[in-house]
Each structure stands twice: as C-alpha cells, then as structure tokens.
Amino acid sequence: MKIFTSLLLVIMSTSLAYAQSIIPVSCDEIIKISICQASTLDPPVLTKEYPYVYPTAFRFKPEAAPKYKKFTDANQIATIYPDGTRVEYRPFLLSTPAGIIANDTPYPISVNNRQIHMFFKSKKEAFEAAHKVCPKIKPKAYFMYDSILETYRRTSFDIQ
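This report concerns the structure included in the present document. Everything numeric in this text was worked out from a predicted model, so none of it was measured. (Residues numbered from 1 in each chain as written. Predicted model: local features only at pLDDT ≥ 70, side-chain atom pairs only at ≥ 80, totals over all residues. Heavy atoms only, no water.)

## Digging into helix H3 (residues 123–133)
Working step 1: Every buried residue of H3 is listed here: Ala 126, Ala 129, Ala 130 and Val 133. Looking straight down H3, one finds that the buried residues subtend no more than 100° of arc, so they occupy a single side. Opposite the buried face of H3, by more than 90 degrees, sit the exposed residues Lys 124 and His 131. (Buried < 20%, exposed > 50% of the residue type's maximum accessible area, 1.4 Å probe, protein only. Helix = DSSP H or I, 4+ residues; strand = E, 2+ residues; numbered from the N terminus. Arc of directions from axis to C-beta.)

Here's what the structure looks like:
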C-alpha cells in the first residue's frame with residue numbers, strides 16, 4: 001500500500017508541474033500589440049512544416065506590468081543550454097473577455113513584467129488573437145519576408 005501511495009503522489013506531482021497556467025488579460029492592461037514574421041528555417045525556430053511563424057507581443061501598460069511578475073516566476077523552467085542563453089517557460093493560455101487564446105506552435109511562450117509573447121502558425125491566427133485581447137488596438141505588423149518576396153517578384157524577370 002505504501003508503494004502504491006508513493007507512486008500515486010509522484011504521478012500527481014509531475015502532472016501538476018507541467019499543467020498549463022491560465023493568465024487573465026484584458027484590454028485595459030495592454031498598451032501595444034505587435035505581430036512579426038519569422039522564418040522557420042532560422043535558429044532558434046528550425047522547422048520544415050511551415051515556412052513562417054508569427055511572434056505576437058502584447059505589451060503591458062506600466063501600471064499593469066507588476067501584476068504579471070507572479071506569472072513569470074511560476075511559469076519559468078530553469079533550462080539553460082551549454083551556451084547559457086536559453087530559458088523556457090511552461091505552456092500557458094490567455095483568458096480574455098472574448099475567449100481563451102492558445103499558442104499553436106511548439107515555440108517558446110513567455111510572459112514577463114513587460115509583455116506576453118506567443119507564436120502562431122498564420123497571420124490570421126495572430127490577428128485573431130490580437131483582436132481577442134484588445135479589439136481597440138490596431139496591431140503593428142512587420143512582415144519582412146513577405147516584403148522581400150514581393151520586391152523579388154516585381155523586380156525579377158525571366159531570361160529567354
């Protein structure tokens with residue numbers, strides 16, 4: 001019986017360690033939203049399943065920022081790689097008045113006392129998440145790879 005009880009406690013403690021946190025966020029706490037485009041062929045992303053990911057940052061108002069410090073500490077996993085540069089966070093969900101937002105990529109999600117970073121597989125999903133968090137704020141969008149591709153298409157020509 002002691003072995004069974006001990007095993008049950010171990011299973012319960014490890015499942016709780018990897019449970020997702022739900023972080024409430026509202027439009028009143030956000031000052032700026034930005035959406036970028038990152039190539040998945042560049043480190044640290046490196047995947048071949050889709051060409052780009054869309055990092056989305058929700059920047060806090062200065063007076064709201066201290067509230068999120070407790071989420072930073074609770075979600076941080078002390079993972080440091082040999083070069084000493086990487087820290088990962090446990091998965092989390094954002095709870096907004098318009099619904100729950102979940103990250104749909106395997107890339108790191110982070111929350112700190114300045115902003116929340118999430119990654120999405122498509123522009124549409126990134127903009128939908130921004131709209132759920134705060135429909136009043138128009139996201140600043142930076143799609144460098146689309147601009148480069150469009151410029152290339154306009155300036156390239158076929159040699160016959």
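Read on, since the account is not over.
## So, the side chain of Glu 29
Working step 1: With respect to the element layout, Glu 29 can be found in the loop between strand E1 (21–24) and strand E2 (30–36).
Working step 2: Apart from residues no more than four positions distant in its own chain, Glu 29 is found in contact with Pro 24, Arg 59, Phe 60, Lys 61, Ala 64, Lys 67 and Tyr 68. (Contact = heavy atoms within 4.5 Å.)

## Digging into the pairing of strand E7 (residues 92–96)
Working step 1: Across the 5 residues that make up E7, a large majority, 4, are buried.
Working step 2: As defined by bridge partners, E1 adjoins E7 across 4 bridges and the pair is classed as parallel. Across the sheet, Ile 23 pairs through a bridge with Leu 94, a residue of E7.
Working step 3: Two strands pair when backbone bridges link them, and E7 and strand E8 (residues 99–102) are joined in this way by 4 bridges, in the antiparallel orientation. For Leu 93, the partnering residue across the bridge sits in E8 and is Ala 102.
Working step 4: Between the end of E7 and the start of E8, which pair antiparallel, lie 2 residues. (Pairing = 2+ DSSP bridges.)

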